[in-house]
Amino acid sequence: MWKGRFTQPTSELVQAYGQSVSFDWRLYQQDIRGSIAHSRGLQRAGILTAEEQAQIQQGLESIATDIAAGRFEWQRSLEDVHMNIESELTRRIGAVGAKLHTARSRNDQVATDVRLYTREAVARLIAGARQLQRALVEAAQRAGEALIPGYTHLQRGQPVLFAHHLLAYVEMLERDAQRFAQAAQRLNVMPLGSGALAGSTIVLDRAAVAADLGFADITHNSMDAVSDRDFVAEVLFVISLCGVHLSRLSEDVILWCSAEFGFVTLSDAHTTGSSLMPQKKNPDVAELTRGKSGRLIGNLVSVLTLLKGLPMTYNRDLQEDKEPLFDSIDSLEAALAVVAEMIAGMELCAARAAAAAADPMLLATDLADYLVLRGVPFRQAHEVIGKLVAHCVSQGQALNAVDLSTLRGFSEAFGPEVGEVLNLQRALKARQAVGAPSPQGVAAELARWQQILS
Ligand code: ARG
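The structure contained in this document is the topic of the report that follows.

## Quick word on the overall build of the protein chain
Broken down by element type, the protein chain carries 19 helices and six strands. Its C-alpha radius of gyration of 31 Å places the protein chain more than 25% over the 22 Å reference for a compact globule of 454 residues. With respect to the three principal axes, the spread of C-alpha positions in the protein chain is 100 × 55 × 40 Å. Going through the 454 residues of the protein chain one by one, you find that 48% of them count as buried. Look at the contacts in the protein chain between residues 6 or more apart in sequence, and 75% of them connect residues 24 or more apart. For the protein chain, the computed accessible surface area is about 22000 Å², with 54% contributed by carbon and sulfur atoms.

## Some thoughts on the nonpolar core
Core analysis: the biggest nonpolar cluster contains 113 residues, and Trp256, Ile343 and Phe414 have the highest contact counts within it. The biggest single contributor to this core is helix H6 (residues 106–143), with 15 residues. Setting aside its immediate chain neighbours within four residues, Trp256 contacts Ile148, Phe162, His165, Leu166, Phe261, Gly262, Phe263, Val264 and Met346.

## Quick notes on the site of the ligand
Neighbouring the ligand are the residues Ser20, Asp24, Asp80, His82, Arg106, Asn107, Val110, Tyr314, Gln319 and Lys322. In this structure, Gln319 approaches the ligand through a side-chain N or O atom, which is 2.9 Å from a nitrogen atom. Relative to its unbound accessible area of 350 Å², the ligand is 87% covered by the protein chains. With three residues, the single largest contributor to the shell around the ligand is H6. For the shell around the ligand, the residue count by class is two nonpolar, four polar and four charged.

## Some points on the pattern of salt bridges
Evaluated as defined, the whole model comprises 28 salt bridges. Linking Arg229 and Asp321 is a salt bridge whose minimum nitrogen-to-oxygen distance equals 2.9 Å. Here Arg229, found in the loop between helix H9 (222–227) and helix H10 (230–256), pairs with Asp321, found in the loop between helix H11 (284–308) and helix H12 (322–344); they are 92 residues apart in sequence, far enough to count as distant. Its relative accessible area of 1% is what places Arg229 among the buried residues. With a relative accessible area of 1%, Asp321 lands in the buried category. Several salt bridges converge on common partners, so that one network encompasses Asp66, Arg71, Glu88, Arg91 and Arg92.

## Points about the environment of Leu249
Tracing the backbone through its elements, the reader meets Leu249 in helix H10. Note: C-alpha distance between Leu249 and Arg290 (41 residues apart in sequence) is 8.6 Å. Apart from the residues within four sequence positions on either side, Leu249 is in contact with Leu136, Tyr169, Val339 and Ile343.

## Points about a nonpolar patch on the surface
A cluster of nonpolar side chains, contributed by Leu197, Met223 and Met312, occupies part of the molecular surface with about 280 Å² of accessible area. By secondary structure assignment, the location of Met312 is in the loop between H11 and H12.

## A word on the packing of aromatic side chains
As enumerated under the stated definition, the model contains six aromatic pairs in all. Here the aromatic rings of Phe261 and Phe263 are separated by 5.4 Å at their centres, their planes lie at 80°, and the arrangement is edge-to-face. Summarising the burial analysis for this pair, Phe261 and Phe263 share the class buried. Among the aromatic residues, those joined into a cluster by ring pairs are Tyr151, Phe261 and Phe263. Cation over ring: Arg119 sits above Phe215, and NZ or CZ is 5.1 Å from the ring centre.

## With respect to the environment of Ala233
With respect to the helices, strands and loops of the structure, Ala233 is situated in helix H10. Residue Ala233 is classed as buried on the basis of its relative accessible area of 12%. Distance in space between the C-alpha atoms of Ala233 and Asn299 is 9.0 Å, their sequence separation being 66 residues. For Ala233, the contacting residues outside a window of four places in its chain are Leu300, Val303 and Leu304.

Conventions adopted
Residues numbered from 1 in each chain as written. Predicted model: local features only at pLDDT ≥ 70, side-chain atom pairs only at ≥ 80, totals over all residues. Heavy atoms only, no water. Helix = DSSP H or I, 4+ residues; strand = E, 2+ residues; numbered from the N terminus. Rg over C-alpha atoms; globule rule 2.2 N^0.38 Å. Buried < 20%, exposed > 50% of the residue type's maximum accessible area, 1.4 Å probe, protein only. Contact = heavy atoms within 4.5 Å. Areas by Shrake-Rupley, 256 points an atom, 1.4 Å probe, with all protein chains shown as cover. Core = buried A, V, L, I, M, F, W, Y, C linked by side-chain atoms within 4.5 Å. Near = heavy atom within 4 Å. Polar contact = N/O pair within 3.5 Å; in protein donor to acceptor, adjacent residues only side chain to side chain. Nonpolar A, V, L, I, M, F, W, Y, C, P; charged D, E, K, R; others polar. Salt bridge = Lys/Arg side-chain N within 4 Å of Asp/Glu carboxyl O. Patch = residues over 30% accessible without salt bridge, like charges linked within 9 Å, V, L, I, M, F, W, Y side chains within 5 Å. Phe/Tyr/Trp six-rings, centres within 6.5 Å; stacked < 30°, edge-to-face > 60°. Lys NZ or Arg CZ within 6 Å of the ring centre and 35° of its normal.

All we've got here are geometric facts, nothing functional implied.
This is the structure:
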């Protein structure tokens with residue numbers, strides 16, 4: 001490609017070391033689309049005749065067809081996807097192919113290709129997040145008014161509807177989808193026309209090329225445009241955070257399906273057995289998802305570290321952005337799909353969950369609230385109930401089994417209606433604030449999500 005300056009061929013080791021075609025081949029559709037738009041730009045600028053542009057376009061389209069059909073032979077000696085395609089174009093259509101790279105560098109070309117690729121990938125990730133949200137909303141619906149203990153510090157705290165717990169993840173995924181959409185807006189800007197770093201003396205109508213490629217805008221600084229990978233880092237961050245959310249969901253599922261919790265069972269299709277212990281049913285999907293989230297964070301850190309020491313403008317280091325980007329996109333796309341399936345196949349063990357949620361200690365806070373409504377300042381009420389709990393623990397007595405005269409020994413404010421406070425259904429119903437887990441509140445949230453996701 002650049003024979004002119006060189007008298008020796010590239011060393012075999014350098015070829016193997018520097019080639020990117022083994023992974024950047026997957027930019028071929030974006031590369032060809034970009035080249036077709038660029039050829040139209042060259043035609044508009046009078047560099048190509050209409051006939052030449054048509055020849056280039058047909059040549060590129062035939063290459064795309066062959067690549068898609070697996071009939072294309074990628075050559076590592078041609079380094080990357082861009083030079084493989086360009087060289088094949090010239091082989092197919094002759095000298096006119098050699099005009100395509102006018103007013104273009106691989107630097108603005110690769111920046112454009114990766115933006116196009118990422119734009120499409122982000123749309124798929126948003127769809128994947130939506131699919132998982134739907135699976136969670138359906139699971140929440142199936143759970144009805146089933147209760148589980150809600151935890152802080154992994155200690156039983158207060159009872160909640162199981163549906164409320166599942167909808168917490170729907171909220172997280174909604175923020176992820178929003179972040180993806182916002183990142184997509186920021187990256188939807190075309191670098192083509194920035195050349196190697198300083199544009200070109202052959203001036204194309206960049207806005208027209210951008211419109212051709214569906215970009216909302218064009219970049220305004222050629223030096224920034226060829227070296228900017230902020231969008232890669234940003235998308236890798238959003239992917240990492242979404243991966244962290246899936247990891248937390250996985251951790252909950254892993255706990256829930258243990259014998260110790262026993263709140264859910266996973267379907268056979270989403271679990272595996274042990275090669276040694278015949279009784280085992282392992283939540284591998286959840287474990288792998290928790291594990292893969294580490295890789296996603298690693299990819300983000302790789303790219304940030306890659307960028308931080310680079311002088312302006314393009315440096316070959318930037319070639320190292322692709323493997324982490326592709327790996328994170330693939331991993332999250334797969335994780336969203338498989339976790340959605342796992343959630344769809346997850347069954348609540350209502351009896352076990354109900355038994356755990358019926359632990360009267362979970363209503364200790366309600367008992368303190370009761371004293372507050374009877375005029376006791378909250379801090380005092382908290383202390384009274386704390387002492388009462390300690391009494392129950394030392395006596396091995398349930399909180400709802402203490403008789404009124406004993407209660408009144410702890411506080412004069414206890415009255416005969418205290419029994420109702422320890423009624424689980426009543427306690428849930430009383431949590432009326434927006435965002436709290438009363439059955440009506442959760443039903444309203446379910447309806448809201450169904451509307452959003454329909
Ligand atoms: N494969 C290269 C990359 O991904 C393409 C750009 C090469 N540019 C250059 N000046 N060597 O970064």
